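# Report on the structure
The primary structure of each chain is shown beneath.
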Amino acid sequence: MTKKSPLAPKNIPTLLPLVGTELGTAATAMKYHGRDDLLLISFANGATVAGVFTKSECFSAPVGWCREIISKNRKARAVLVNAGNANAFTGKAGDHAMASTIKTVSDGLSCDLEEIYVASTGVIGEVLDADLVNQFILDAKNNLDENNWEKAAKAILTTDTFAKMATRKTQIDSNVITINGFAKGSGMIAPDMATMLGFIFTDAAIKQDVLQTLLMRITEKSFNSITVDSDTSTSDTVLLFSTGEGDEIGDIDDPRLDDFKEKLADLMLDLAQQIVRDGEGASKFIAIEVTGAENDGAAKKIAMSIANSPLVKTAIAGEDANWGRIVMAVGKAGEKANRDALLIKIGDQKVTEHGMGVEGYDEALCTDHFRGEEVSISVDVGIANGSSTVWTCDLTHDYITINADYRS
């Protein structure tokens, strides 16, 4: 990994064992040397699974496979993940390579093919070297351990500079429930969802349809509310696994789930924001809140227009309080906005109202705000009550360097 992002969390959380889940890693040297790049996750007693995937029309072979099996078989026995090769836009050869690795996992763990989920991340357009991966699947199997959370989180990284992990505790009835998660993502980050992989695990007992609905709802306000560079990946995958046994909760409105929902949402937002904090070349973490829109969807579109604007992002990188660029981004979003009621705040300072800059506006205060690592922008467009918050980072020279050299 390159130098750690200045926005990285100060501490790495310790993820405790989660009943029924083991993780093993191995180093194939497919692209990266001196580090693990293959991850195998095993659920000895099976797990209920929910998933959300990229909406890209050029989706990877693993995304196609996971979509297919999750619609038929909502139980999982294993997950195989590789970093360095996305196995995307690789045609039938990519499908065959993926199938070969799935067969190897199936044989090694004595489970059905359609109980095995796969994910790949890395370079697009290169067929996965199945023979190489197959050689190391046994190594990963032999390394399976309930405590390998940090190793697992590090094995799936590409241009990331730190492992992204989170854990939460809750309670259902008299049972203490754990939620663990890890993710990867740094560039090609924009809904839906991002060049990101996310894996979340809980020992709660929850029916699949409830698990799926929860994941979809929370993804919209977490992984689907972040952007680094407006580019949507071929490989985006988030999988949520439940290993709990016994009576499953089958009603999403069951009050016993209330705290679980809050903790799951908090964990997913934590992981999503860690991805933004590791945005390629990022030096500033930016929160953008839009209110007063026609509806929540319109608010999100306006917020994303601001968050994805190269002019806004470079101004923040250069610590230039050029709020006219925010006005521009609101105007181009294609959603209703009342020009003469538009209110913009940078940090705690109001900079526009009544269709113009605020009299007595102090640009030095905004410049000082942009000098910090945490930047907040709020915009009220004066139409109705729609609101949304999204998160992004600045656009620096380092972003260009990282992506210009990605395949070198």
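See above for the structure.
This write-up is about the structure you can find in this document. (Residues numbered from 1 in each chain as written. Predicted model: local features only at pLDDT ≥ 70, side-chain atom pairs only at ≥ 80, totals over all residues. Heavy atoms only, no water.)

### Remarks on the overall build of the protein
- Scanning the protein from N- to C-terminus turns up 11 helices and 14 strands.
- Its C-alpha atoms give the protein a radius of gyration of 22 Å, near enough to 22 Å, the size a compact globule of 408 residues would have.
- For the protein, the residues scored as buried account for 55% of the 408 residues in total.
- By sequence separation, contacts in the protein at least 24 residues apart represent 81% of the contacts at least 6 residues apart.
- Accessible area for the protein stands at about 16900 Å²; split by element, carbon and sulfur atoms hold 49% of it.
- Side-chain charges of the protein comprise 39 positive and 58 negative groups, with the mean position of each set lying 1 Å from the other. (Helix = DSSP H or I, 4+ residues; strand = E, 2+ residues; numbered from the N terminus. Rg over C-alpha atoms; globule rule 2.2 N^0.38 Å. Buried < 20%, exposed > 50% of the residue type's maximum accessible area, 1.4 Å probe, protein only. Contact = heavy atoms within 4.5 Å. Areas by Shrake-Rupley, 256 points an atom, 1.4 Å probe, with all protein chains shown as cover. Lys, Arg positive; Asp, Glu negative; His and termini not counted. Charge placed at Lys NZ, Arg CZ, Asp CG, Glu CD.)

### Comments concerning the environment of Val375
- With respect to the helices and strands, Val375 occurs in strand β13 (residues 374–380).
- Expressed as a C-alpha distance, the spacing of Val375 and Leu40, which sit 335 residues apart in the sequence, is 38 Å.
- When sequence neighbours within four positions are dropped, the list of residues in contact with Val375 reads Lys284, Phe285, Ile286, Ala287, Ile316, His369 and Phe370.

### Notes on the sheet that holds strand β9 (residues 285–293)
- Spatially, six strands are ordered β12-β11-β10-β13-β9-β14 in an open sheet, and the strand pairing comes out mixed. A single partner strand is all that each edge strand has here, and the edge strands are β12 (356–357) and β14 (386–393).
- Strands β9, β13 and β14 of the sheet are contacted by helix α6 (residues 258–277), whose axis makes an angle of about 45° with β14. (Pairing = 2+ DSSP bridges. Axes fitted to C-alpha atoms, helices over the stretch in contact; angles between N-to-C directions.)

### Focus: the nonpolar core
- With 53 residues, the main nonpolar core has Tyr117, Phe182, Phe199, Phe201 and Phe241 as its most contacted residues.
- With eight residues, strand β2 (residues 38–53) is the single largest residue contributor to this core.
- Each residue touching Phe199, except ones within four places of it in the same chain, is listed here: Val79, Val81, Ala119, Ile156, Asn180, Gly181, Phe182, Leu239 and Phe241.
- With 38 residues, the next largest nonpolar core counts Val52, Met196, Ile249 and Cys393 among its residues. (Core = buried A, V, L, I, M, F, W, Y, C linked by side-chain atoms within 4.5 Å.)

### Quick look at the packing of aromatic side chains
- Scanning all chains against the criterion turns up eight aromatic pairs.
- Each ring, one from Trp323 and one from Tyr361, has its centre 6.4 Å from the other, and the planes form 90°; the classification is edge-to-face. Here Trp323, found in the loop between α8 (310–317) and α9 (324–332), pairs with Tyr361, found in the loop between β12 and α10 (363–371); they are 38 residues apart in sequence, far enough to count as distant.
- By way of ring pairs, the aromatic residues Phe43, Trp149, Phe182, Phe199, Phe201 and Phe241 are connected into one cluster.
- The ring of Tyr32 carries Arg35 above its face, with NZ or CZ at 4.3 Å from the centroid.
- One cation-aromatic arrangement involves Lys164 over Phe162; the distance from NZ or CZ to the ring centre is 4.4 Å. (Phe/Tyr/Trp six-rings, centres within 6.5 Å; stacked < 30°, edge-to-face > 60°. Lys NZ or Arg CZ within 6 Å of the ring centre and 35° of its normal.)

### A closer look at the pattern of salt bridges
- According to the stated counting rule, one finds 19 salt bridges in the structure shown.
- Here Asp173 and Arg256 are joined by a salt bridge, their closest N and O atoms 3.0 Å apart. Here Asp173 is found in the loop between β5 (164–172) and β6 (175–184), whereas its partner Arg256 is found in the loop between β8 (237–242) and α6, with 83 residues between them in sequence.
- With relative accessibility at 49%, the residue Asp173 sits in the partly exposed group.
- Between Lys300 and Glu220 there is a salt bridge, with the nearest N and O atoms lying 2.6 Å from each other. Here the residue Lys300 occupies a position in helix α7 (residues 296–307), and Glu220 occupies one in helix α5 (residues 208–220), the gap between them amounting to 80 residues.
- For Glu220, a relative accessible area of 36% puts it in the partly exposed group.
- Where salt bridges share partners, they join Glu68, Lys72 and Glu114 into one cluster. (Salt bridge = Lys/Arg side-chain N within 4 Å of Asp/Glu carboxyl O.)

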